[in-house]
Amino acid sequence: VQLQACGGGLVQTGGSLTLSCAASARPFSFNNMGWYRQVPGNQRDLVARITEGGSTNYADFVEGRFTISGDFAKNTVYLQMNSLKPEDTAVYYCSAEGQRWYRGRQFWGQGTEVTVSS
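Counting restarts for each chain, with residues numbered from 1 along the sequence as it is written. Confidence filtering applies because this is a predicted model: local features only for residues at pLDDT of at least 70, side-chain atom pairs given and counted only at 80 or more, and all residues used for totals across whole chains, interfaces and linings. The side-chain figures draw on all heavy atoms in the structure; neither hydrogens nor water molecules are used.

Our focus in this paragraph is the pattern of salt bridges. The salt bridge criterion pairs a side-chain nitrogen of Lys or Arg with a carboxyl oxygen of Asp or Glu, the two atoms within 4 Å. Across all of its chains, the model carries three salt bridges by this definition. Residue Asp88 pairs with Arg37 through a salt bridge whose shortest N-O separation is 2.8 Å. With a gap of 51 residues between them, Asp88 in the loop between strand 8 (76-81) and strand 9 (90-98) and Arg37 in strand 4 (residues 30-38) connect regions that are remote in the sequence. Assessed through its relative accessible area of 11%, Arg37 is described here as buried. Residue Asp88 is joined to Arg65 by a salt bridge in which the shortest nitrogen-to-oxygen separation is 2.6 Å. Highlighted residues: Asp88 in the loop between strand 8 and strand 9 and Arg65 in the loop between strand 6 (56-58) and strand 7 (66-71), separated in sequence by 23 residues. Classification of residues uses two cut-offs on accessible area relative to the type maximum, computed with a 1.4 Å probe and protein chains only: under 20% is buried, over 50% is exposed, and between them is partly exposed. Judged by relative accessible area, Arg65 falls into the buried class, the value being 9%. Residues participating in the shared-partner salt-bridge network are Arg37, Arg65 and Asp88. Strands here are runs of E lasting at least two residues and helices are runs of H or I lasting at least four, both read from the DSSP assignment and numbered beginning at the N terminus.

Alternating residues of strand 11 (residues 112-117) divide into Thr112, Val114 and Val116, all buried, and Glu113, Thr115 and Ser117, none buried. Strands were regarded as paired on the criterion that DSSP finds at least two bridges between them. In this structure, strand 2 (residues 9-12) lies alongside strand 11, joined through four bridges in parallel fashion. Within the sheet, the bridge partner assigned to Leu10 lies in strand 11 and is Thr115. Here strand 9 pairs with strand 11 via three bridges, running antiparallel. By the bridge assignment, Ala90 is partnered in strand 11 with Val114.

Put into structure tokens, the structure is as follows:
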């Protein structure tokens, strides 16, 4: 299984970006998919996660600015990020938790860099 993330880039404070991630796997291979972020030297933190049933959870720092969505039949997940702040600058990783034939396995994408200029 490979997760391919894209959509990062350079944006000014207050701007928006949409991250996309697609996994090469059979439909409904995952019970949840999400986005994490990491700043060099720091741990990788959860940003948002969505379950196959549509439940979502967000990190406190999101403060209503980001929206996660997904299509588990297509193994895709998106993160719409609005009102970006310089502190959102990080490498963003998509992740997927396997079920069925991938039960118990966690998969990661390669990361896409987001830079928010002040």
